[in-house]
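Coordinate inspection notes
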Amino acid sequence: MAKRIDVKDLDIYYGDFLAVKGVNMVIEPRAVTALIGPSGCGKSTFLRTLNRMHEVIPGARVSGEVRVDDQDLYAPGVDPVGVRRRVGMVFQRPNPFPTMSIYDNVVAGVKLNSTRMKKSEMDDLVEGSLKGANLWKEVKDRLDKPGSGLSGGQQQRLCIARTIAVKPDVVLMDEPCSALDPISTLAIEDLINELKSDYTIVIVTHNMQQAARVSDMTGFFNLKATGEPGHLVEYDDTQKIFSNPGQKATEDYISGRFG
Amino acid sequence: MPDIDLDVPDQRETQSPRPSRPDRSPVADTPLLRPNLPRYAAPAMLVVAFAIVLALGLTVWSTNPVALLLETAVLFGAAIFTASALVEGRRNAVDRLVTVVVTTFFLLALLPLVSVLVEVVSDGYKRFDLQFFTYSMRGVVGEGGGAYAAIMGTLIITAVTTVVSVPIGILTAVYLVEYSRESRLGKVLTFFVDVMTGIPSIVAGLFAVALFVLFLGPGARAGVIGAVALSVLMIPVVVRSTEEMLRLVPNELREASYALGVSRWRTIVKVVLRTSVAGIVTGVTLAVARIIGETAPLLVTVGTTTSSNLNPFSGRMATLPVFSYYEYAQPGIPREPYLDRAWAAALTLIIIVMALNLIARLVSRLFAPKTGR
Amino acid sequence: MSTTSADRPTTRETPRYGDRVFAGLATGAGVLILVVLAGVAGFLLWQALPALTAAPEDVRGGEGLFSYIYPLAFGTILTALIALVIATPLSVGIALFITHYAPRRIALALGYVVDLLAAVPSIIYGLWGVYVVAPASVPVATWLSQWLGFLPFFGPDPSASGRTTLVVGVVLAIMILPVMTAVNREVFLQTPTLHEEASLALGATRWEMIRMAVIPFGRSGVISGAMLGLGRALGETMAVAIILSVAAGVHLDIIGTANSGTIAADIALQFPESSGLDVNTLVASGLVLFFITLLVNMAARWIIARRAEFSGAN
Ligand SMILES: Nc1ncnc2c1ncn2[C@@H]1O[C@H](COP(=O)(O)OP(=O)(O)OP(=O)(O)O)[C@@H](O)[C@H]1O
Ligand SMILES: [Mg+2]
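**Some words on the packing of helix H3 (residues 90-124) of chain B against helix H14 (residues 336-367) of chain B**
Residues and elements named next belong to chain B. Packing of H3 against H14 brings their axes to within 8 Å, and their N-to-C directions diverge by 130°. It follows that H3 is oblique to H14 by the angle criterion. Where H3 crosses over H14, the handedness of that crossing is left-handed. Contacts from Val116, Leu117, Glu119, Val120, Val121, Asp123 and Gly124 in H3 reach Asp340, Trp343, Ala344, Ala346, Leu347 and Ile350 in H14. Here the residues of the contact of H3 with H14 sort into 9 nonpolar, 1 polar and 3 charged.

This is how it looks when you write it as structure tokens:
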């Protein structure tokens, strides 16, 4: 069940340091939204506020609203654990649990939510999630082997399988391909294309071609100067951003004339 | 208020495939907006639980601090778990319960420390007077007397131990960090230094006794025998802490020095050791604090005496821990003056040890290389 | 170190000479430590030899060396195990509290406070055990005897003074808590943020995150920390010597008046008044203790070393 995300006047802090200032954007359901921008402009920081992973860092806080289907994630009474269960996240470096088998990795999140689940249901879920992550064929004969024994690209797809196994509404991806070779990258990009029919997907990437290939909407973040907070410069259809950006800074960045 | 997803938590019971939303069949929903216990609930419950326990303790049960802590923890844990399970669901209830358990464990560990300090101070202050620090026990029966000889004995033996252990310990650490380079000897040495930190103190005492049978024959007692025993305990501590400090010295410093044509040993002494001197002093101070209260090895190597023998190379000597032990274990009649002296010695000892710990922390704080922030 | 320039022979004689002397000193100190360790074993063996070869009726107790040492070894292991059973969950909980629950700013200070427990000399723990813990334990022992009396550990007549194996176990647990907590703290802190965040992002609560990421990662560290603690507890002398009211023989009852002694405490109690073959007997029992603790510590260090290699490879 893909959901729309509506961000209003979001300021993001690390302690007293204002890292990202005044973000307003509407992230569409059943679409891929790419976030681009120079290093340190706050893409990861912003992404992590969408599932309340930001506050895991001591001293980190936000002000403003992030509405998912009209529910503000930062309203009092909202359970961050519930938010993260609904808004899944894939990290830059593949991070399967090293002590768990492939099978256990996939069901790790599911087991938290449902204690009593039949073995057959569980098996179906594992197969479904691994197929959904285009990994089933490669690992179906070694589900009981540790997840850390897979290649980097396979590990990343395992992490995606783990994320979609809990059937989230939204999937966040922070540079999911930056630690992978071109072939694995292609596999993940194909996967993102398939996933977007079911999920709202937000992806951070440094790769312009990738943003152009996989995304429907693109947001460009930038810094005015070092030490200044990052902000959202422009947010529009990917087509428009890459062919006819509204801002000079966006054009410079995309065409590599940045600096 | 937003109106979505106010699912009741116990929908988990009916989580099997839901035909209405086939795409998320086996997975239970965690409600986004879940009913929360109000902020004041936990503190209020804690206060009430403690009040009940205290009232019960004062009237029927016991006011032993451990009992109070445990009973409060159990009562509060049960209350918060139940409340949270009803309102917030089982998973949050478990999370809260674990928080209570972990915090209780920590508080439980603080109680002995507080209790020891209270006990030592409240029993030790009675004889914590001038006479205690200026008189020995020569000819004393019953009241009076003091730990002068014992304090001097402890200081002398500790000094000898330090003089023996520190050079050996630091040189070994230098060997491990600067020379061994993954050699076989280095690996073996690292392993056995670690193992050596685990030698029981009484075994170190027996070793020193056995060693000195060779020189002095059986039954000999002397301060140096005790110092040898204590050195066996102190050297590995010095090695480990010094090693850690030397490894913190960045390689660029060494290379810069070599590039200036300074020889290797001068580089080690003037650059590496000089840079890490604060850390090494801290480590040595903590090592001294560790061995200064050792009783068992001194009991078998130095024995005790009532006169003040300040010569570590011959004959029995009085030392503070052993003094405390014998005043407690072999008192005269009446017992009180002896026990008071035992506690006063314990108080002296704990003040010395805590002061050494404090000094160590101060040294490392004051002289630590400045880092950012 | 990568530089080799210092190894190159220099033309001037003095620095080379200084280098050699200094390197010799450093290496010599290292070798000396190994010699000392070997010497501990060697000299103990030498002094224990007369007891090993003596006629059984000449050994203290009159029934031979084995009969003398075996109940003490039993008491040593029993008290140490009680301490371990108490201290292991406590140290894991405390380490978790310091690393994952306490506010960052005071976590370091809390660590120091726990370390201070290790600074208290064991003789003071002994006195404190006799005057504070032992009396406080009497009602608990009575309760245990009444309700759990069917277990062999809790006999029908609890000691009125409280100077029992149980109390010794409790005091030993407090004494080994700091070293175990320090090891646990260390390994819990090393849990990769990557794995902690992975579980949080799946919607785990703090405790579920600890169970999924922190505990599996730290398990071998916790085991080795427990073995280090066990080593300490086995060799602890004065606290046991002061607290325990000892009777000859093997006693399973940990709350009664008759308790098996421990090797270390027995040496401390007997040695000052012993001479001749009795000294050799005590040294022999010390040798046994030395080997038990050596094995335990070597096992602990071995696990730690293996763990370091394992995590370094990843
Ligand atoms: N844990 C943290 N504590 C304090 N400041 C942080 C922390 N993480 C990031 N920052 C700061 O927040 C700002 C944004 O960082 P962020 O990691 O979000 O950038 P980014 O756009 O993801 O960069 P990159 O493309 O390199 O990943 C930076 O100035 C960074 O220094
Ligand atoms: Mg980033």
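The rest of the description comes next.
**Observations regarding the interface of chain C and chain A**
Contact residues are listed per partner, giving 15 residues for chain C and 24 residues for chain A. Approximately 1,700 Å² of surface area, both sides summed, lies buried where chain C meets chain A, with 71% of it carried by carbon and sulfur atoms. On the surface where chain C and chain A come into contact, there are 1 salt bridge. As a salt-bridge pair, C:Glu197 and A:Arg48 come within 2.8 Å of each other at their nearest N and O atoms. At the junction of chain C and chain A, the tally comes to 2 residue pairs in polar contact (both at pLDDT 80 or more). Those elements that place two or more of their residues in the side of chain C that touches chain A are helix H6 (193-201) and helix H7 (206-235) of chain C. No other element matches the 7 residues that H6(C) contributes to the side of chain C that touches chain A. Taken together, the residues that form the side of chain C that touches chain A break down as 8 nonpolar, 4 polar and 3 charged.

**Points about the interface of chain C and chain B**
With 87 residues of chain C at the interface, the matching set in chain B holds 87 residues. Between the two partners, chain C and chain B, sit 1 salt bridge. Ionic pairing is found between C:Glu208 and B:Arg91, a salt bridge with its closest N-O pair at 2.7 Å. At the boundary of chain C and chain B, one finds 9 residue pairs in polar contact (both at pLDDT 80 or more). Broken down by element, the side of chain C that touches chain B gets its largest block of residues, 22 residues, from helix H1 (residues 13-53) of chain C. Residues that form the side of chain C that touches chain B fall into these classes: 62 nonpolar, 16 polar and 9 charged.

**As for the pairing of strand E3 (residues 32-36) of chain A**
Residues and elements named next belong to chain A. Burial analysis of E3 places 5 of its 5 residues in the buried class, which makes it a mostly covered element. The side-chain alternation of E3 yields two buried faces, one formed by Val32, Ala34 and Ile36 and the other by Thr33 and Leu35. Here 4 bridges tie E3 to strand E8 (residues 200-204), and the two strands are oriented parallel to one another. Bridge pairing in E8 places Thr33 opposite Val202. Summarising the sheet, E3 and strand E9 (residues 217-223) pair through 4 bridges and their orientation is parallel.

**Regarding unusual backbone geometry**
Note on backbone geometry: most residues besides glycine have negative phi, and most peptide bonds are trans. Note that the residue after B:Ile333, namely B:Pro334, is joined by a cis bond; omega there is -5°. Unlike most non-glycine residues, A:Lys167 shows phi in positive territory, near 50°. Considering the arrangement of structural elements, one finds A:Lys167 in the loop between helix H6 (152-165) and strand E7 (170-174).

**Description of the confidence of the model for chain C**
All names here are of chain C. On average, residues of chain C score 87 in pLDDT, and 93% of them are at 70 or above. Segment residues 1-13: pLDDT under 50, and 19 contacts once partners within four positions in sequence are set aside and those in other chains are kept. Scoring of the predicted complex yields 0.87 for pTM and 0.89 for ipTM.

Reading the values: rules and limits
Residues numbered from 1 in each chain as written. Chains lettered and ligands numbered in written order. Predicted model: local features only at pLDDT ≥ 70, side-chain atom pairs only at ≥ 80, totals over all residues. Heavy atoms only, no water. Axes fitted to C-alpha atoms, helices over the stretch in contact; angles between N-to-C directions. Helix = DSSP H or I, 4+ residues; strand = E, 2+ residues; numbered from the N terminus. Parallel < 35°, antiparallel > 145°, perpendicular 65-115°, else oblique. Left-handed = near helix turned anticlockwise from the far one by under 90°. Contact = heavy atoms within 4.5 Å. Nonpolar A, V, L, I, M, F, W, Y, C, P; charged D, E, K, R; others polar. Buried area = accessible area lost by both parts, 1.4 Å probe. Salt bridge = Lys/Arg side-chain N within 4 Å of Asp/Glu carboxyl O. Polar contact = N/O pair within 3.5 Å; in protein donor to acceptor, adjacent residues only side chain to side chain. Buried < 20%, exposed > 50% of the residue type's maximum accessible area, 1.4 Å probe, protein only. Pairing = 2+ DSSP bridges. pLDDT = per-residue confidence, 0-100.

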